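# Architecture at a glance
Listed below, chain by chain, are the residues.
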Amino acid sequence: APVHPEFRMFVLANRPGFPFLGNDFFRECGDVFAVHVVENPDHESEVALLQQYAPDVPEHILRRLSAAFTDVRARVDDGTLQYPYST
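First, a word on what this report is: a plain description of the structure on this page.

Rules of the game
- The residue numbering used here restarts from 1 in each chain and proceeds along that chain's sequence as written.
- Local features are withheld for residues below a pLDDT of 70 in this predicted model, meaning they are given only at 70 or higher, and side-chain atom pairs are given and counted only at 80 or more; totals for whole chains, interfaces and linings count all residues.
- Note that water and hydrogens are dropped before the side-chain values are worked out from all heavy atoms of the structure.
- Residues enter a patch when their relative accessible area is above 30% and they make no salt bridge; the linking distance is 9 Å between like charges and 5 Å between nonpolar side chains (Val, Leu, Ile, Met, Phe, Trp, Tyr).
- Computed by Shrake-Rupley with a 1.4 Å probe, the accessible areas treat only the displayed protein chains as cover when residues are assessed.
- Each salt bridge in this description consists of a side-chain nitrogen of Lys or Arg and a carboxyl oxygen of Asp or Glu lying within 4 Å of one another.
- Secondary structure counts use DSSP, requiring at least four H or I residues in a row for a helix and at least two E residues in a row for a strand, with both numbered from the N terminus.
- Axes here mean lines fitted to C-alpha atoms, for a helix over just the part in contact, with angles spanning 0 to 180 degrees between N-to-C directions.
- Each angle gets one of four labels, with under 35 degrees taken as roughly parallel, over 145 as roughly antiparallel, 65 to 115 as roughly perpendicular, and the rest as oblique.
- Definitions for this section: a left-handed crossing has its near helix turned counterclockwise from the far helix by less than a right angle. A right-handed crossing has that turn clockwise.
- Contact criterion: two residues are considered in contact whenever any of their non-hydrogen atoms come within 4.5 Å of each other.
- Under the scheme applied here, ten amino acids are nonpolar (Ala, Val, Leu, Ile, Met, Phe, Trp, Tyr, Cys and Pro), four are charged (Asp, Glu, Lys and Arg), and all others, including Gly, are polar.

## Details of a nonpolar patch on the surface
On the surface, Val-3, Phe-7, Met-9 and Val-11 cluster together into a nonpolar patch covering about 400 Å² of accessible area. Within the secondary structure, Val-11 sits in the segment before α1 (25-29).

## Comments concerning the packing of helix α2 (residues 43-53) against helix α3 (residues 59-77)
Relative orientation and spacing of two packed helices are given, respectively, by the angle between their axes and the distance between those axes. At a minimum axis separation of 9 Å, α2 and α3 run at an interaxial angle of 125°. In terms of axis orientation, α2 runs oblique to α3. The two elements α2 and α3 meet at a crossing, and its hand is right-handed. Every residue of α3 that contacts α2 at His-43, Glu-44, Glu-46, Val-47, Leu-50 and Gln-51 is listed here: Glu-59, Leu-62, Arg-63, Leu-65, Ser-66, Ala-67, Phe-69, Thr-70 and Arg-73. Of the residues that constitute the contact of α2 with α3, the class distribution is six nonpolar, four polar and five charged.

See the structure below:
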């Protein structure tokens, strides 16, 4: 049967390589999908997103949480942390 012209699929995947040793998404099916990489939000956007999820948490706590996420991501990028935690 033909595929409906408005068919859409959203697929989430970790980047290939250590420690995500599953299938390489791009190698396995990158030629049949339009791939869009979504980067982590900047600090202000991340705080705004956290405020939507936790409206009763004080903003200064959400800012500290976002700063901690930013620090973990930076440490993974520079090799200080060997394991890329999902943030």
